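# An overview of the molecular structure
One letter stands for each residue in the lines below.
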Amino acid sequence: MLGIVQGRLSYSGKKLQYFPKKPYDEFKLASKIGYEFIEFFGERIKNNRNPIWTDLGIKKYKKISKKNSIKIYSFCDDYVINHAISSKKTLAQIVHTLQRLNKLKVKKYILPLYGKSEINHKNRINTYKNLSSISKLCKKNNIELLIESNMSPREFENLKKNINSRNCFFLFDTGNRILLKRDPVKDIYQLKNNIRHIHLKDKNIFNKNVIFGEGKVNFKSIFFALKKIKYKGSFAIESQRGKDIKYQATKNYIFFKKLIKEYINK
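Presented here is an overview of the structure given in this document. Values in this document were obtained by computation on a predicted structure and should not be read as measured data.

## Comments concerning the packing of helix α1 (residues 26-33) against helix α10 (residues 245-264)
Here α1 crosses α10 at 45°, and the two axes come no closer than 10 Å. Taken together, the axis directions place α1 and α10 in an arrangement best described as oblique. Pair α1 / α10 crosses with right-handed handedness. Note on element contacts: α10 touches α1 through Lys-246, Ala-249, Thr-250 and Tyr-253, opposite Leu-29, Lys-32 and Ile-33.

Dropping the structure here:
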């Protein structure tokens, strides 16, 4: 499946990660272009305008997604970037979020372990402990827990071992990993079946998210590697909007649908 991150079909000024003022309006355009799902997200600072916090909002999300044939599929929780996942307070907020996502019937819950939630020797024990609790709760609600991180494949295996979870997988971000000292293609081969979802974006040498084709990511080599590991998971476009949002979103859709057909669904 190919989806697009919430807010990327709305005007946002200079903001990249932007919660749309009219979140329901994106469904019609996403459907018209051909996208199969919109990836919801929670902001770094809790936004009470987000429809997931009310039963009425969740009901409306379900209704409009059904009307436009857009699946409710994934949720990326940026809240943990500004709030340490190792803390009890953050864990309590995540538990509340998962209760809401269970009502929404989300299939994948993404935790980006950056900023204050990046794992280090000081927070490692408490982070593993909380991730273990989160993983168990996700499994209970039939939600896959996905870790988004710059960690190496070996570090991820160590994380899985320490939290003792069969419900914890990896989100591979094409843009974030391109500027690391490791080879992203080699990482794909090593992560293998742990990869369950992919964020598609391009970045330049200055670590700036750019329009596809203007950065350093070699998408053909990425998709060839995905073919070799027999990847059958999902993709979400997390790119720049361009000057013409509809035009760029359509161009991106066509480009990646072609790659998916050539390498993944062949």
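From this point, the narrative continues.
## A closer look at the packing of helix α9 (residues 219-228) against α10
Between α9 and α10, whose axes approach to 9 Å, the crossing angle comes to 35°. Seen along the crossing, α9 lies across α10 with a hand that is right-handed. Residue-level inspection shows Phe-219, Lys-220, Phe-223, Phe-224, Leu-226 and Lys-227 of α9 in contact with α10, the latter providing Phe-255, Phe-256, Leu-259, Ile-260, Tyr-263 and Ile-264. Of the residues in the contact of α9 with α10, the class split is ten nonpolar, no polar and two charged.

## Considerations on the sheet that holds strand β5 (residues 144-148)
Taking strand neighbours around the barrel as the criterion, the eight strands line up as β1-β2-β3-β4-β5-β6-β7-β10 in a closed arrangement whose pairing is parallel. Across the sheet, the mean angle from the axis of one strand to that of its neighbour is 30°, orientation sign disregarded. Two strands pair when backbone bridges link them, and strand β1 (residues 2-5) and strand β10 (residues 234-237) are joined in this way by three bridges, in the parallel orientation. If you follow Leu-2 over to β10, its bridge partner there is Phe-235. Contacting β2 (37-42), β3 (74-77) and β4 (108-112), helix α4 (residues 88-104) crosses the sheet at an angle of about 150° to β4.

## With respect to the side chain of Gln-248
By the secondary structure assignment, Gln-248 is in helix α10. Once residues within four sequence positions are removed from consideration, Gln-248 is found in contact with Ile-211, Gln-240, Arg-241 and Gly-242.

## Considerations on the nonpolar core
Among the nonpolar cores identified, the biggest contains 80 residues, and Tyr-109, Leu-111, Ile-134, Leu-200, Phe-223, Leu-226 and Phe-235 are the most heavily contacted of them. Among the elements that make up this core, the one with the highest residue count is α10 (eight residues). Look past the residues within four positions of Ile-134 in its chain and what remains in contact with it is Ile-85, Leu-91, Ile-94, Leu-98, Tyr-109, Leu-111 and Leu-145.

## Focus on the pattern of salt bridges
As enumerated under the stated definition, the model contains eight salt bridges in all. One salt bridge connects Glu-144 with Lys-108, and the closest N-O pair in it is separated by 2.5 Å. Within this pair, whereas Glu-144 is found in strand β5, its partner Lys-108 is found in strand β4, the two being separated by 36 residues in sequence. What makes Glu-144 buried here is its relative accessible area of 17%. Classification of Lys-108 by relative accessible area gives buried; the value is 8%. Where Asp-187 meets Arg-177, a salt bridge forms, and the shortest distance between an N and an O atom there is 2.8 Å. Taken together, the residues Asp-187 in helix α8 (residues 184-191) and Arg-177 in helix α7 (residues 174-178) connect sequence positions ten residues apart. With relative accessibility at 1%, the residue Arg-177 sits in the buried group. Put simply, Asp-55, Arg-100 and Lys-103 are held in one network by salt bridges that share partners.

## Some points on the pairing of strand β6 (residues 168-173)
The buried count for β6 comes to six of six residues, which makes it a mostly enclosed element. At this point the chain moves from β5, through helix α6 (residues 153-163), to the parallel β6, and the crossover so formed is right-handed. Bridging between β6 and strand β7 (residues 195-200) involves four bridges; their strand directions are parallel. Within β7, the position partnered with Phe-172 by the bridge is Ile-198.

Parameters at a glance
Residues numbered from 1 in each chain as written. Predicted model: local features only at pLDDT ≥ 70, side-chain atom pairs only at ≥ 80, totals over all residues. Heavy atoms only, no water. Axes fitted to C-alpha atoms, helices over the stretch in contact; angles between N-to-C directions. Helix = DSSP H or I, 4+ residues; strand = E, 2+ residues; numbered from the N terminus. Parallel < 35°, antiparallel > 145°, perpendicular 65-115°, else oblique. Left-handed = near helix turned anticlockwise from the far one by under 90°. Contact = heavy atoms within 4.5 Å. Nonpolar A, V, L, I, M, F, W, Y, C, P; charged D, E, K, R; others polar. Pairing = 2+ DSSP bridges. Core = buried A, V, L, I, M, F, W, Y, C linked by side-chain atoms within 4.5 Å. Buried < 20%, exposed > 50% of the residue type's maximum accessible area, 1.4 Å probe, protein only. Salt bridge = Lys/Arg side-chain N within 4 Å of Asp/Glu carboxyl O. Right-handed = clockwise from strand over helix to strand, strands pointing away.

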